[in-house]
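Reading the structure
Letter by letter, the chains look like this.
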Amino acid sequence: MKALYILYQIFIALPILLVLTILTALVTIVGSWIGDPHVWGYYPGKIWSQLFCYVLLIPVKVVGHPEVLDKTSYVFVANHQGSFDIFLIYGFLGRNFKWMMKEYLRKIPFVGYACDKSGHIYVGNSLASIQKAVKLAQKTLRGGMSMVIFPEGTRTYDGKMSSFKKGAFTLANEIGLPIVPITINGSFDTFSRTAKF
């Protein structure tokens, strides 16, 4: 059964998802040029993420919290188990948000440029880069627009949660936004940092 699923991934899912990724990036870029980057930076990515999980036959169960209000901006912080964390949050959080992501991700073909044009916030390791990211976040995060950060900074190697860096909490404090924790379970087993399939 596992061998059949690997063949499905390589010969059916991978070509579909590659085309979907390029189309989503192009729609996001063009939409952000001609319309509201907050809208075009969220909805195409949400649909893309949901399709990613459906095409790969990955079941997703979401448990929400009734005290998270629609019109309030938040800093969502999540553990980072594996590569599918991005698809899970983008596709199933149900909130328009901006990612805070590492500067090197800007170099991913199509996707990096689409994220830049749609207002996601890149941050490097320098103090100047961090200060710039905080200022951009202060302008962006209002009226229900939220942010998602992985405070561990990187995906786990062993499935265990590592220490949180203080940046997400400092940012939330400086901007004056409440923090909402997100727990992701099962992503490490689905596609860990070292997995090939």
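Read on for a plain summary of the structure. (Residues numbered from 1 in each chain as written. Predicted model: local features only at pLDDT ≥ 70, side-chain atom pairs only at ≥ 80, totals over all residues. Heavy atoms only, no water.)

1. Some thoughts on the pairing of strand 5 (residues 179-182)
Along a regular strand, successive side chains alternate from one face of the sheet to the other. As a reminder, the rule being used: For the exposure calls, accessible area comes from a 1.4 Å probe over protein chains only, and a residue counts as buried if that area is under 20% of its type's maximum, exposed if over 50%, partly exposed in between. Helix numbering and strand numbering both begin at the N terminus, where a helix is a DSSP run of H or I of at least 4 residues and a strand a DSSP run of E of at least 2. Two strands are said to pair when DSSP picks up at least two bridges between them.
Only one face of strand 5 is covered, namely the one carrying Val180 and Ile182; the face carrying Ile179 and Pro181 has none of its residues buried. Where strand 1 (residues 75-78) and strand 5 come together, four bridges link them in parallel fashion. Counted as the bridge partner of Val75 is Ile179 from strand 5.

2. So, the side chain of Thr21
Using the following cut-off: Whether two residues are in contact is decided by their heavy atoms: any pair within 4.5 Å suffices.
As for its position among the elements, Thr21 is in helix 1 (residues 2-34). Taking the relative accessible area as the measure of exposure, Thr21 reaches 17% and is therefore buried. Aside from chain neighbours lying at most four places away, what touches Thr21 is Trp48, Phe52 and Val111.

3. Focus: helix 6 (residues 127-140)
This is how it is decided: In this scheme, a helix's expected span is set at 1.5 Å multiplied by one less than its residue total. When we speak of the arc, we mean the arc of directions from the helix axis to the C-beta atoms.
The terminal C-alpha atoms of helix 6 lie 20 Å apart, and with 14 residues this matches the ideal 20 Å at 1.5 Å per residue to within 8%. Taken as a whole, helix 6 has its buried residues at Ser129, Ala133, Val134, Ala137 and Thr140. One side of helix 6 carries all its buried residues, which in axial view fall inside an arc of 140 degrees. Opposite the packed face of helix 6, turned more than 90 degrees from it, sit the exposed residues Leu127, Ala128, Lys132, Lys135 and Lys139. The secondary structure elements touched by the buried residues of helix 6 are helix 2 (37-40), strand 2 (97-102), strand 3 (121-123), strand 4 (146-149) and helix 7 (167-175).

4. With respect to the sheet that holds strand 3
Selection criterion: Each axis is a line fitted through C-alpha atoms, taken for helices only over the stretch in contact, and angles between the N-to-C directions span 0 to 180 degrees.
In spatial order, the strands read 3-2-4-1-5; together these five strands make up an open sheet with parallel pairing. Both outer strands of the open sheet, strand 3 and strand 5, are each paired with one neighbouring strand and no more. Sheet twist, expressed as the average angle between the axes of neighbouring strands with direction ignored, equals 25 degrees. Here strand 2 runs beside strand 4; their pairing, made up of three bridges, is parallel. When the sheet's bridge partners are listed, Phe97 is paired in strand 4 with Ser146.

5. Looking at the pairing of strand 1
Side-chain alternation along strand 1 places Val75 and Val77 on one buried face and Phe76 and Ala78 on a second face that is also buried. With three bridges joining them, strand 1 and strand 4 adopt parallel strand pairing. The residue bridging Val75 from the neighbouring strand is Met147, located in strand 4.

6. So, the packing of aromatic side chains
What counts is decided by this rule: Two rings belonging to Phe, Tyr or Trp (six-membered ring only in the last case) form a pair when the distance between their centres is within 6.5 Å. Interplanar angles under 30 degrees mark stacking, angles over 60 mark edge-to-face geometry, and anything in between is tilted.
Per the stated rule, a full pass over the model turns up 17 aromatic pairs. Put simply, the rings of Tyr42, Tyr43, Tyr90, Phe97, Trp99 and Phe150 pair up and form one aromatic cluster.

7. Side note on helix 4 (residues 85-92)
Burial runs high along helix 4: seven of the eight residues are buried. Of the positions making up helix 4, those classed as buried are Asp85, Phe87, Leu88, Ile89, Tyr90, Gly91 and Phe92. Residues of helix 4 that are buried in the fold lie against helix 3 (43-55), strand 1, strand 2, strand 4 and helix 8 (187-190). Looking one or two residues beyond helix 4, the residue adopting positive phi is Gly94, at roughly 80 degrees.

8. A short note on the pattern of salt bridges
Operational definition: Salt bridges are defined as contacts in which a side-chain nitrogen from Lys or Arg sits within 4 Å of a carboxyl oxygen from Asp or Glu.
Under the definition given, this model contains two salt bridges. The salt bridge involving Glu103 is made with Arg106; its shortest N-O contact spans 2.7 Å. Residue classification places Glu103 among the partly exposed positions, given a relative accessible area of 33%. Here Arg106 falls in the partly exposed class, since its relative accessible area comes to 33%. In this structure, Asp116 and Arg106 form a salt bridge, with 3.0 Å as the shortest nitrogen-oxygen distance. In this pair, Asp116 is assigned in helix 5 (residues 111-117) and Arg106 in the loop between strand 2 and helix 5, connecting sequence segments 10 residues apart. Take Asp116: its relative accessible area is 29%, and that puts it in the partly exposed class. One connected set of salt bridges, linked through shared partners, spans Glu103, Arg106 and Asp116.

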